[in-house]
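Listed below are the residues making up each chain.
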Amino acid sequence: MIPESPSPKPYTRPVTAKQDDDIDLTKLFYLVLSNWYWFALALFVALTVAWLYLTHTLPTWKVSATVLIEEDKKSQSIIGSDKILEGFGVRPGMQNLDNQLLLITSWSIVDKVLSELPFDIEYYYRGRMNKVPLYPESPVRVYTDASGKIPEDMEFEIKLTGSNTFILTAHSDKFHDFKTKAAFGDTIDIEGGKMRIEQVPGFYTPENREKPLYFIIHSRDKLVESIRSRLEAKPASKEGTIINLSIVGTNKVMEMDFLDKLIAVFLNNNLERKNKEAVRTIDFIDNQLLGISDSLNITEDKLQRFRSANRVMDMSAQGQQIITQAMNLENEKAKLVIESNYYEYLAGYLSKDAGGELPVSPATMGITDPGLTRLVIELSDLQSQYFSRSIGDRNPMQAQIAQKLRNTRDALNETLKGVRHANELAMKENREQTRSINASAATLPRTERELLGIEREFKLNDVLYSFLLEKKAEAQIQKASNTPDNEMIDRPRPDKVPVSPKPVRVYLLAILAGLGLPFLVIIGIDTFDNTIKDDDDLKKITDLPIAGHIAQSTLNKDLVVLEEPSSAVAESFRSLRARIRFFTKDIKSPVILITSSMPDEGKTFTAINLASVYSLMGKKTLLMDFDLRKPKIISEFDLSNEKGLSTWLIGRDKTDEIIKKTRFDNLDIIPSGPIPPNPAELIASGNIPALLSELRELYDYIIIDSAPIGTVSDSLTLATFADATIILVRHGKTIKPLLSGTLTGIKANGINGTSLLLNDIQYGKIRYGNYARYGSDYGYSYHSKETKVKKTKV
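Below: a short report on this structure.

How each quantity is defined
- Residues numbered from 1 in each chain as written.
- Predicted model: local features only at pLDDT ≥ 70, side-chain atom pairs only at ≥ 80, totals over all residues.
- Heavy atoms only, no water.
- Buried < 20%, exposed > 50% of the residue type's maximum accessible area, 1.4 Å probe, protein only.
- Helix = DSSP H or I, 4+ residues; strand = E, 2+ residues; numbered from the N terminus.
- Pairing = 2+ DSSP bridges.
- Salt bridge = Lys/Arg side-chain N within 4 Å of Asp/Glu carboxyl O.
- Axes fitted to C-alpha atoms, helices over the stretch in contact; angles between N-to-C directions.
- Parallel < 35°, antiparallel > 145°, perpendicular 65-115°, else oblique.
- Left-handed = near helix turned anticlockwise from the far one by under 90°.
- Contact = heavy atoms within 4.5 Å.
- Nonpolar A, V, L, I, M, F, W, Y, C, P; charged D, E, K, R; others polar.
- Arc of directions from axis to C-beta.
- Polar contact = N/O pair within 3.5 Å; in protein donor to acceptor, adjacent residues only side chain to side chain.
- Patch = residues over 30% accessible without salt bridge, like charges linked within 9 Å, V, L, I, M, F, W, Y side chains within 5 Å.
- Areas by Shrake-Rupley, 256 points an atom, 1.4 Å probe, with all protein chains shown as cover.
- Core = buried A, V, L, I, M, F, W, Y, C linked by side-chain atoms within 4.5 Å.
- Phe/Tyr/Trp six-rings, centres within 6.5 Å; stacked < 30°, edge-to-face > 60°.
- Lys NZ or Arg CZ within 6 Å of the ring centre and 35° of its normal.

With respect to the pairing of strand β18 (residues 667-670)
Neither face of β18 is exposed, since Leu667 and Ile669 on one face and Asp668 and Ile670 on the opposite face are all buried. Sheet topology places strand β16 (residues 621-625) next to β18; four bridges connect them, and they run parallel. For Leu623, the partnering residue across the bridge sits in β18 and is Ile669. Both strand β17 (residues 660-661) and β18 contribute to a ladder of two bridges, which runs antiparallel.

Structure, rendered in C-alpha cells:
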C-alpha cells in the first residue's frame with residue numbers, strides 16, 4: 001500500500017494591482033500562439049496573392065511637365081482691381097493663374113487635343129489579368145467612315161486565318177453579337193456603319209500571328225472624361241506662376257504624347273487669343289479700304305483723262321499754292337473721317353450685347369484721346385474677367401465686376417458723345433476752311449479750276465488709302481510678332497519608378513492582411529464563443545470553488561491512471577485527489593458524485609480515473625455506475641451488466657451480488673444493471689441511503705458516476721445523498737448559459753459540497769492562467785508525448 005502524503009495547501013493566486021490586464025494580455029498572447037498555423041497559412045496566401053498581383057498588374061506611370069504662366073498685366077492695370085482682389089483673398093496675378101489652371105484641363109482643350117491624336121481607337125493584346133496596350137505601334141490600322149454609326153466602346157477581336165484574311169468578332173450588351181470573315185482592305189458593314197482594316201507591313205511575325213488582337217473604338221465623350229480624370233494641374237509653389245502638369249496611365253509613350261500635344265494646343269490657344277485683336281483691326285481696316293480703293297481708282301482714271309484731254313500737266317504758282325492749302329485740309333479731313341468711322345463703330349459696339357468679343361483699340365486707328373483709350377482698355381479687361389467666370393458665378397466679386405462693367409460702359413458712352421461732338425466741330429471747321437480755299441480757286445482759269453478739283457479728290461483718296469494701308473501693315477506686323485504669354489519649361493517625362501503598384505507597399509499590406517485577418521477572426525470567434533475556456537469564464541458565472549484541472553488525454557482509453565500512471569492526466573487526477581480532501585475533510589468513507597450540465601463532458605472518464613487514484617493509495621474504493629440511461633463503465637472493465645443497481649433497486653439482487661471485482665487491487669465496481677424504463681422514478685423511490693450506508697462500512701471511498709444533472713433529474717436525487725458533488729466542465733465544450741442554469745438549479749435544491757472540475761484542457765494550445773502555473777508549480781512539462789514525471793511521495 002502506498003502511504004498517503006500530507007495534505008498540500010491549496011494554491012493561492014497572487015494578487016497584483018494589474019492582475020486583470022496581465023491575465024488578458026497573457027491570454028491574448030497564448031490564444032494567438034496556439035493558432036500560429038492559421039497565421040502562417042494566411043501569411044503565405046497573402047504573400048502569394050501579392051506576388052501574383054505584382055507580376056500580373058501593369059505598372060501605372062506618372063508623366064509630368066511644367067509650364068510657366070505669365071501674369072496678366074492688363075488685369076492689374078484696372079484702377080482699384082488689386083484692392084478688390086485682395087479684399088476677397090485673391091492675390092493679384094493669381095487670378096490669371098487660376099484661370100489658366102482651369103483652361104488647360106478644360107473639356108474643350110482636351111477635346112481639341114484628342115482630335116489631333118490617334119487615341120480614338122485603342123489596340124491591345126490581352127494578358128491573364130490585364131490589357132497590354134500596343135500604342136504607338138500596332139499590327140493593323142482601323143479606318144471608319146464619317147457617319148458615326150460604328151458601335152463605340154465595344155471590344156472587337158481579330159484572329160488571323162491566313163496571310164491576308166482574318167475573323168472579326170465583337171460582343172456587346174447593346175448590340176447583337178457580330179462575327180465575320182474578311183480580308184485586309186475589305187469594307188466591313190457593321191450596324192449601319194462601315195470600317196476598313198489595313199495590315200501594317202512587317203509587324204506580324206510567326207510568334208505573334210496566333211495571338212488574338214483586340215481594339216476598341218472609344219466614344220469621344222468617354223475618352224475626354226477618362227483623360228480628364230487622370231489629368232492634374234496644380235501650382236508648383238504658392239507664390240510662383242509655374243504649374244505642374246501631370247497625368248497617370250499604363251502607357252508612358254501615350255501619356256507623354258498627350259501632354260506634349262496638350263501644352264502645344266494650350267500655347268497655341270493663348271497665341272490665337274492674342275492675335276484676335278490684330279485680326280479684328282485688320283478686318284476693320286479692310287472694310288474701310290473697300291470703298292476708298294474704288295474711289296481712288298475712279299479719281300485717278302478721271303485725273304488721267306482730264307490731263308490728256310486738256311494737255312495740262314502742271315498748274316500755275318497760284319494754283320500750286322491753293323492746291324497745297326487744299327491738300328492740307330483734305331489730309332485733316334481724311335483723319336477726321338477715319339475717326340468718325342471709328343466712333344460710329346464704337347457706338348454700334350456699345351449699343352449691342354457683344355458678349356465676350358473685345359472692342360478694337362482706338363490707338364490702332366491713330367486716335368490718341370487718353371480718356372477714350374483708357375476706358376476702352378478698361379472695358380476690354382473687365383469683359384475678359386467677367387465672361388471667363390474664373391471666380392465663380394456665386395462669388396460676390398463677380399457681381400462687383402458686372403457693376404463696374406456697366407459703369408465703364410456708361411462712362412465710355414458719355415466720353416464717346418464728347419469726342420464725337422468734338423469731331424463734328426472739327427469737320428465743320430474743316431468745311432469752312434475748304435469753302436474759303438474754293439473761293440480763292442474761283443479766280444483761276446476754268447481748266448485749272450477743274451484740274452484743282454480733280455486733284456483734290458484724288459489726293460484725299462490717296463491719303464486715306466495710304467494711311468489705312470500703313471495701319472494694316474502695323475497690325476499685320478503685330479500679329480506676326482506675337483508670341484504666347486506662357487512657356488513650356490520642362491518637356492513631359494515619366495517618373496523613374498511607377499506610381500503603382502509599389503512592391504514594398506503591396507508586400508507590407510499583404511503582411512498586415514496575413515496577420516491582421518486571422519487575428520480578427522480568432523478574436524471574433526473567441527469573443528462570440530459561449531463555451532467555457534478557463535477559470536475566468538467560470539468565475540464570471542459562479543463563485544463555487546474549482547476542484548482542479550484535468551489535462552487532455554491523447555490515449556484512446558479511459559483507464560489512464562491505471563495504465564499510464566506517469567502521464568500528465570494521471571498527475572491531474574492526483575492533484576484533484578489532494579484537493580477533494582478539503583471538501584470531504586474528516587468524513588468517513590465519503591461519497592463523491594461526478595456529474596455535469598450536459599452529456600459528453602467526461603463524467604465516466606473522470607469517475608474511473610478518480611476511483612483509480614484512490615485505489616493506488618491502497619484505499620478500498622468503489623465505483624458505482626448510476627447512469628441508468630447510458631451506462632459505460634462496464635465496457636472499460638469487461639464486466640457483465642446482468643446484475644447491478646437497477647436489479648438492486650427493484651429488489652431482485654442483494655448488495656453483495658451486484659458488487660464486481662476488477663483486475664486491479666482495491667477497486668470494485670457496481671454496474672448500472674439492465675437499463676430500466678423509468679430510471680428517474682426508480683432512483684427516487686429506491687432506498688439509496690440504506691445502500692450507501694451499507695457500502696460505507698465496506699469501502700474507504702465511494703465514487704458515483706451519474707447522468708448529467710443539467711438535463712435529467714436523476715443526479716439531483718443522488719446529490720442529496722453525496723458528501724461532495726463535482727460538476728464536470730469540459731474545456732471548449734460546456735455551454736455557459738446551460739452551466740449557469742444548472743448551477744442555479746443546484747443552489748435552489750440546497751445541495752452542498754459542490755465544486756467544479758475543468759476537464760479536457762489542451763495544454764499544447766492554451767497555456768495561460770492556472771494552466772501555465774500548474775506545470776511550473778509541480779515541475780511537469782507536457783509539451784510532447786514523452787512526459788517526464790518528477791517522482792514525489794503520494
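Let's talk about the pattern of salt bridges
Going through the model one piece at a time under the given rule, you end up with 21 salt bridges. A salt bridge links Lys261 to Glu116; the nearest nitrogen and oxygen atoms lie 3.6 Å apart. Taken together, the residues span a long stretch of sequence, with Lys261 in helix α8 (residues 252-310) and Glu116 in the loop between α6 (107-114) and β2 (121-126) at a distance of 145 residues. For Glu116, a relative accessible area of 42% gives the class partly exposed.

Side note on the packing of helix α2 (residues 36-56) against helix α13 (residues 503-528)
At a closest axis distance of 8 Å, the pairing of α2 and α13 adopts a crossing angle of 150 degrees. The orientation of α2 with respect to α13, classified from their angle, is roughly antiparallel. In the crossing of α2 with α13, the sense of the turn from one axis to the other is right-handed. Of α13, the residues touching α2 (which contributes Trp38, Phe39, Ala42, Leu43, Ala46, Leu47, Ala50, Trp51, Tyr53 and Leu54) are Pro503, Val506, Tyr507, Ala510, Ile511, Gly514, Leu515, Pro518, Phe519 and Ile522. The residue makeup of the contact of α2 with α13, split by class, is 19 nonpolar, one polar and no charged.

Brief notes about the sheet that holds strand β4 (residues 140-144)
Reading across from one edge, β4-β9-β8 is the order of the three strands in this open sheet, with antiparallel pairing throughout. Two strands close off the open sheet at either side, each with one partner strand: β4 and β8 (187-190). Strand-to-strand twist of the sheet, defined as the mean angle between neighbouring strand axes without regard to direction, takes the value 30 degrees. With five bridges connecting them, β4 and strand β9 (residues 193-199) associate as antiparallel partners. When the bridges of β9 are listed, Tyr143 appears paired with Arg196.

As for unusual backbone geometry
Residue Pro136 follows Tyr135 across a cis peptide bond; omega there is 10 degrees. Within the element layout of this structure, Pro136 appears in the loop between β3 (131-133) and β4. Looking along the chain, the bond that leaves Ser500 and enters Pro501 is cis, with omega of -5 degrees. Summarising the element assignment, Pro501 is placed in the loop between β13 (487-494) and α13. For Lys585, which is not glycine, the phi dihedral falls at a positive 50 degrees. Structurally, Lys585 is set in the loop between α16 (568-584) and β15 (591-596). Its relative accessible area of 65% is what places Lys585 among the exposed residues. The phi dihedral of Asp760 falls on the positive side, at around 65 degrees, and the residue is not glycine.

Let's talk about helix α7 (residues 220-230)
Listed as buried for α7 are Leu223, Val224 and Ile227. The buried residues of α7 occupy one face: seen down the axis, they fall within an arc of 100 degrees. Turned more than 90 degrees away from the buried face of α7, the exposed residues are Lys222 and Ser229.

Regarding the side chain of Ser646
As for its position among the elements, Ser646 is in helix α19 (residues 645-649). You can call Ser646 buried: its relative accessible area is 5%. Looking at Ser646, its side chain comes within polar contact range of the main-chain oxygen of Pro674, at 2.8 Å. What Ser646 contacts, discounting residues up to four positions off in sequence, is Ser672, Gly673, Pro674, Pro676 and Leu682.

Quick look at a nonpolar patch on the surface
The grouping of Trp36, Tyr37, Trp38, Leu41, Phe44, Val45 and Val49 at the surface amounts to a nonpolar patch, some 770 Å² of accessible area in total. Relative to the elements of secondary structure, Trp38 occurs in helix α2.

Here we look at the nonpolar core
Leu538, Met624, Phe626, Leu645, Ile670, Leu695 and Ile704 are the most contacted members of the largest nonpolar core, which has 37 residues in total. It is helix α22 (residues 688-696) that contributes the most residues to this core, four residues altogether. Once residues within four sequence positions are removed from consideration, Met624 is found in contact with Ile633, Leu645, Ile670, Leu691, Leu692, Leu695, Ile702, Ile703, Ile704 and Asp705. If you look at the next biggest cluster of nonpolar residues, it comprises 35 residues, including Ile580, Ala607, Met617 and Ile633.

Notes on the sheet that holds strand β11 (residues 231-235)
With antiparallel pairing, four strands are arranged side by side in an open sheet as β11-β12-β1-β13. Where the open sheet ends on each side, the last strands, each with one partner, are β11 and β13. Here the average twist between neighbouring strands, direction ignored, is 15 degrees. Sheet topology note: the strand β1 (residues 61-68)/strand β12 (residues 242-249) ladder contains eight bridges and is antiparallel. Along β12, the bridge assignment pairs Val63 with Ile247.

Notes on the side chain of Thr662
Mapped onto the secondary structure, Thr662 falls in the loop between β17 and β18. Thr662 gets classed as buried once you look at its relative accessible area, which sits at 17%. One polar contact links the side chain of Thr662 to the main-chain carbonyl oxygen of Phe664, over a distance of 3.2 Å. Separated by 2.6 Å, the side chain of Thr662 and the backbone oxygen of Leu667 make a polar contact. Thr662 has contacts with Phe637, Leu667, Asp668 and Ile669, leaving out every residue within four places of it along the chain.

Focus on the packing of aromatic side chains
Under the counting rule described, the total for this entry stands at 12 aromatic pairs. With a centroid separation of 5.4 Å and 85 degrees between ring planes, the pair formed by Phe119 and Tyr135 is classed as edge-to-face. Of the two residues, Phe119 sits in the loop between α6 and β2 while Tyr135 sits in the loop between β3 and β4, which places them 16 residues apart along the sequence. Judged by centre distance (4.8 Å) and plane angle (40 degrees), the ring pair of Phe166 and Phe184 falls under tilted. Of the two residues, Phe166 is situated in strand β6 (residues 165-171) and Phe184 in the loop between β7 (178-183) and β8; the sequence distance between them amounts to 18 residues. In this structure Phe184 comes out as buried when scored by relative accessible area, which is 9%. Three or more aromatic residues joined by ring pairs make a cluster, and in this case those are Trp36, Tyr37 and Trp38. Note that Arg126 overlies the ring of Tyr214, its terminal NZ or CZ placed 5.7 Å from the centroid. Sitting over the face of the ring of Trp61, Lys252 holds its NZ or CZ atom 4.1 Å from the ring centroid.

Spatial relationships are all this shows, so hold off on functional conclusions.
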